[in-house]
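Coordinate inspection notes
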Number of protein chains: 2
Amino acid sequence: MPVSDKMKSYAEKSSWIRKMFEEGAKMKAEHGAENVFDFSLGNPDAPPPEEFNKVILEAVTDTSPGVHSYMPNGGYPWVREAIAARMSAEQQTDISHGDMLMTCGAAGGLNVVMKAILNPGDEVIVLAPYFVEYGFYIDNHGGVTRVVSTDNNFNLDFEAIDRAVCEKTKAIIINSPNNPSGQIYPEGDLDRLGQLLRDKSAAHNTTIFMIADEPYRKITFDNHAVPPVFKSYTDAIVVSSYSKDLSLPGERIGYLAVHPDIKDKQQLLDAMTLANRILGFVNAPALMQRVVAELQDATVDTSIYARRKELICNILRDAGFHFTEPKGAFYVFPETPIKDDVKFVALLQNERILAVPGSGFGAPGYMRIAFCVPDKVIENSAEGFKNAVKKATR
Amino acid sequence: MPVSDKMKSYAEKSSWIRKMFEEGAKMKAEHGAENVFDFSLGNPDAPPPEEFNKVILEAVTDTSPGVHSYMPNGGYPWVREAIAARMSAEQQTDISHGDMLMTCGAAGGLNVVMKAILNPGDEVIVLAPYFVEYGFYIDNHGGVTRVVSTDNNFNLDFEAIDRAVCEKTKAIIINSPNNPSGQIYPEGDLDRLGQLLRDKSAAHNTTIFMIADEPYRKITFDNHAVPPVFKSYTDAIVVSSYSKDLSLPGERIGYLAVHPDIKDKQQLLDAMTLANRILGFVNAPALMQRVVAELQDATVDTSIYARRKELICNILRDAGFHFTEPKGAFYVFPETPIKDDVKFVALLQNERILAVPGSGFGAPGYMRIAFCVPDKVIENSAEGFKNAVKKATR
């Protein structure tokens, strides 16, 4: 068998998602893309901010020797300095460039963290509903995913987390604003989580890392703010990217930062820098490092997503869906009107609406609607949602 | 222990290399960079070709929606089409865009291949002297590195390869033009290797892949050509990048292609596409994909490296070193005048010359000189090489 057993089974497991995408593509070919309401992809469609185009134009006219060469595996020190300065304000903690690494997106950063910290069999807690890729990132490096549900509003369920932590627990991944729920964890909850992890680390004589995956930090609605995790916990690592807030997901530019007082800091940073190298990332793309350094205060026009959030929430409400209104990111995660989310998503597909079943996020009975699509797509989907609910509940 | 045991031991093992770099940096600070002859890094210093600057300027002025968005994990189909066309000529084999993936450099591509094919304990043969990162790429995904020496001229040693292949052998990595030896394997040797792998695959009822890592393909000297591996073997995968031939190592843009008739092709391509996604690469950087598509006929001015090859070879010859003259890449791998290569490299360091001991490439008794440095650096190193030889052999 030329392909590894694990990858073969992964490919088979993920084939139903691919099937959905293929059917979506077929549908678009048949009915025209404008007549298919595709809410299945988290591909941000707000254009990069105007400053981005200026900065990148300047960057490529710089043809000094070495601008496209290798640099230290952790990234240009001055780029890290620029990000550390912004993060210091954001995290209300004094972060220096030495506490940071530039990475190939947040996905690259999370793999680097897992590679650096996991011994075989170590457990990492993820909170359902969760970004399905976390399971792969953990497994890639020999870890075991421990799924813990959140509460009815997708907030932290401390009793469930308490029960799940054991002597093998190496880390917990939190993602706030959350994909797929749109929830933002309040500061009090982060404090309480920090206390829980401190207690458990002490009880088991281990270090449990809090890994905050926060690429949606700047995309929030109705004046909701994302609290600084570094204020709540010291053994914390923030992983992020410019995929969403600058709309550059295809360019693979991200970063990670450790709390300046994290346990065994230098050893950890050395291990992550080595991981960045040997996993084949080597370094984050050079040109984009230089570009994002200049754009620390820039963000896509988030009012676009705020407007769409209102649009889709009104449509879902009118159609009778139950859901927690998203505070950030660009997803809403309603309950499906019937328990079988895969079946309901198929009913939506008959209405030319594409969504992802909650089962794909460890939360059956829900579905994810990604509203990073043109207003018209949202507006024109209203009838379809109503029809699907009618058919499901008659 | 916050860091994984394996990464901790890796960091310790690689610390002597870091120590060397640190001493080099100290030396440059003390004596001035122009008085330190740093041959330790394979960081290409020929500028990218003039066309590159034109093409990237055009590329960034295109602000159409989605130019920085996600695309299929394997890369833009039209970019792959452009590369497949050039490769079809190069490999004398009809390659289509569906046989290819865009990757984050060759390092990313090699990790993707290993992730896709290796079951735990599967063996991968590497040919010493070898690029030390191969060992990490294999281990990352549960494989075991089997080191096989080449012959006195760094050509394939078929008897040694024959002895090393067993039922666990999943692949052999070849790298021609070679880092660190500069050797290019002749077509007859590739044919013979192909026959050996076919025989062994049949005998063990396995599929043994030939993985050709060839980022130096376009950098050759004295009219030496790199033969097409796809002509010699069907279960072959070519991995490459634009790091050397366009001098863009910091931009992490590369690709891989499978032989159009490779065993279980679609399953393998699906697994590699999934690996590209879940290892966190997601896709090769979007902008650079669009740029390299336009530069299939462009190459850095290789006469720069050819001139330097002559310069360094003359100096080494004058100083009494024994070596095989490189046919490609930008390295020469002379024998050290004493068996202890680490000790000899320390003697060179006293002359402010930085080289890497052959031990770092699985070949003690040699050292690697990377001649991708300004002519002046090479010219001014002549006395130092002579002095070190004198001190070593007196």
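Residues numbered from 1 in each chain as written. Chains lettered and ligands numbered in written order. Predicted model: local features only at pLDDT ≥ 70, side-chain atom pairs only at ≥ 80, totals over all residues. Heavy atoms only, no water.

In the annotation of an unreviewed UniProt entry, chain A is listed under the name Aminotransferase and assigned to Desulforhopalus singaporensis. UniProt lists a comment for chain A under the heading Cofactor (unreviewed entry), and it reads "pyridoxal 5'-phosphate". The record in UniProt for chain A states the following under Sequence similarities (unreviewed entry): "Belongs to the class-I pyridoxal-phosphate-dependent aminotransferase family." (UniProt positions renumbered as here; feature names shortened; annotations may be inferred.)

**Some details on the sheet that holds strand β2 (residues 100-103) of chain B**
Residue and element names in this part refer to chain B. Pairing within the open sheet is mixed, and its seven strands lie in the order β2-β8-β7-β6-β5-β3-β4. If you trace the sheet from one side to the other, it starts and ends with β2 and β4 (144-149), each paired once. The average angle at which neighbouring strand axes cross in this sheet is 20°, direction not considered. (Pairing = 2+ DSSP bridges. Helix = DSSP H or I, 4+ residues; strand = E, 2+ residues; numbered from the N terminus. Axes fitted to C-alpha atoms, helices over the stretch in contact; angles between N-to-C directions.)

**A closer look at the side chain of Asp341 of chain B**
Residue and element names in this part refer to chain B. One can find Asp341 in helix α13 (residues 341-350). We note that Asp341 is buried and unpaired, the nearest opposite charge coming from Lys339 at a distance of 9.3 Å. Polar side-chain contacts of Asp341 include one of 2.7 Å to the side chain of Ser359. Ignoring anything within four residues of it in the chain, the contact list for Asp341 reads Thr336, Pro357, Gly358, Ser359, Pro364, Gly365 and Tyr366. (Buried < 20%, exposed > 50% of the residue type's maximum accessible area, 1.4 Å probe, protein only. Lys, Arg positive; Asp, Glu negative; His and termini not counted. Salt bridge = Lys/Arg side-chain N within 4 Å of Asp/Glu carboxyl O. Polar contact = N/O pair within 3.5 Å; in protein donor to acceptor, adjacent residues only side chain to side chain. Contact = heavy atoms within 4.5 Å.)

**A few points about the UniProt feature "domain: Aminotransferase class I/classII large" (unreviewed entry) in chain A**
Mapped onto this structure's residue numbering, the UniProt feature "domain: Aminotransferase class I/classII large" (unreviewed entry) falls at residues 35-383 of chain A. Summarising residues 35-383 of chain A: 38% helix, 14% strand, and an end-to-end C-alpha distance of 12 Å.

**Here we look at helix α6 (residues 133-140) of chain B**
Since one α-helical turn is 3.6 residues long, residues separated by three or four positions face the same way. Residue and element names in this part refer to chain B. A large share of α6 lies buried, amounting to seven of its eight residues. Turning to α6, its buried residues are Glu133, Tyr134, Gly135, Phe136, Tyr137, Ile138 and Asn140. Immediately beyond the C-terminal end of α6, within one or two residues, lies Gly142, with a positive phi of roughly 85°.

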